[in-house]
Structure formats: C-alpha cells, structure tokens
Amino acid sequence: MTAHRVTAPGPPADGKPAKGPASYFPSIEQTYGRPVQEWLDLVAARLDDHRHMEVVAWLKTEHGLGHGHANALVAYVRQALGS
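If you're wondering where the values come from, they're calculated on a predicted model, not measured in any experiment. (Residues numbered from 1 in each chain as written. Predicted model: local features only at pLDDT ≥ 70, side-chain atom pairs only at ≥ 80, totals over all residues. Heavy atoms only, no water.)

A word on the overall build of the protein
For the protein, the count of helices and strands is four helices and zero strands. Shown N-terminal to C-terminal, the secondary structure of the protein runs as helices and strands in the order α-α-α-α. Taking 2.2 N^0.38 as the reference for a compact globule, 83 residues should give roughly 12 Å; the C-alpha atoms of the protein span a radius of gyration of 12 Å, in line with that estimate. Taken over the C-alpha atoms alone, the protein extends approximately 35 × 25 × 20 Å along its principal axes. Sequence-distant contacts, at least 24 apart, represent 62% of the contacts inside the protein between residues at least 6 apart. Just so you have it, the protein exposes about 5100 Å², and 51% of that area is on carbon and sulfur atoms. (Helix = DSSP H or I, 4+ residues; strand = E, 2+ residues; numbered from the N terminus. Rg over C-alpha atoms; globule rule 2.2 N^0.38 Å. Contact = heavy atoms within 4.5 Å. Areas by Shrake-Rupley, 256 points an atom, 1.4 Å probe, with all protein chains shown as cover.)

Next up, the structure:
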C-alpha cells in the first residue's frame, strides 16, 4: 500500500454541495455500496506505479465504475497527493 493516504473530505462547512471531483462522492457511495475512503485507498495504492488513465481503466474494468466516477476518484487523489 502507498505511503500516502488521502482521506475523504467531510461535508463543506458552509452547507453548500461539494465542488469538483468530491461532488461525485455521495453518488459513488450510493451506486457502488462502498465508502469513498475504500475507493480512495485503492486508487492511492494503484497510482504508485500506474498512470491516471490506467487507474481509471482498472476501476472501470475490475470494479465496474463508470468513467466519470472513476475519473473523479483518480483526479481527487492525484490533486491531494500533488501529482
């Protein structure tokens, strides 16, 4: 597993809906039945030695995620890790 852990964001303090990739997280949890933190951990570990679109393709193929959901997870982790 990666030495870097990206934690799922809490709800925005102002009560407004999340923006950017995190706006997909409630739908990802509801659609796939797993907490976003599990997905973030999988993505962070995979990004150690795979490129962005390789991880997106892996999420789609191996886990059945849609392209938008997979891309949102990978983009969020990459942004959090500064890569």
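What follows picks up the thread again.
As for the packing of helix H2 (residues 36–46) against helix H4 (residues 67–81)
For any two helices packed against each other, the geometry comes down to the angle between their axes and how far apart the axes lie. Put simply, H2 and H4 touch, their axes get as near as 9 Å, and they point 65° apart. The angle between H2 and H4 falls in the class roughly perpendicular. For the pair H2 and H4, the crossing hand works out as right-handed. On the side of H2, the interface is formed by Val36, Trp39, Leu40, Val43 and Ala44, while H4 contributes Leu73, Val74, Tyr76 and Val77. (Axes fitted to C-alpha atoms, helices over the stretch in contact; angles between N-to-C directions. Parallel < 35°, antiparallel > 145°, perpendicular 65-115°, else oblique. Left-handed = near helix turned anticlockwise from the far one by under 90°.)

A look at helix H3 (residues 52–63)
Since one α-helical turn is 3.6 residues long, residues separated by three or four positions face the same way. A rise of 1.5 Å per residue sets the reference length of H3, with its twelve residues, at 16 Å; its end C-alpha atoms lie 16 Å apart and thus fit the reference within 8%. Regarding H3, the residues found buried are His52, Val55, Val56, Trp58 and Leu59. Seen end-on, H3 carries its buried residues on one side only, within an arc spanning 160°. Next to the buried residues of H3 lie H2 and H4. Downstream of H3 by a residue or two, Gly64 has a phi angle that is positive, lying close to 75°. (Expected span 1.5 Å × (residues − 1). Buried < 20%, exposed > 50% of the residue type's maximum accessible area, 1.4 Å probe, protein only. Arc of directions from axis to C-beta.)

Side note on the nonpolar core
Nonpolar side chains tend to gather and get buried jointly when the protein is soluble and globular. Among the nonpolar cores identified, the biggest contains 20 residues, and Phe25, Val43, Leu59 and Leu73 are the most heavily contacted of them. Once residues within four sequence positions are removed from consideration, Val43 is found in contact with Val55, Leu59, Leu73, Val74 and Val77. (Core = buried A, V, L, I, M, F, W, Y, C linked by side-chain atoms within 4.5 Å.)

Things to note about the side chain of His52
For His52, the location among the structural elements is in helix H3. The class of His52 is buried, set by a relative accessible area of 17%. Within the local environment of His52, its side chain forms a polar contact with the side chain of Asn71, the two groups lying 2.7 Å apart. Of note is the side chain of His52, whose polar atom sits 3.2 Å from the side chain of Arg78. (Polar contact = N/O pair within 3.5 Å; in protein donor to acceptor, adjacent residues only side chain to side chain.)

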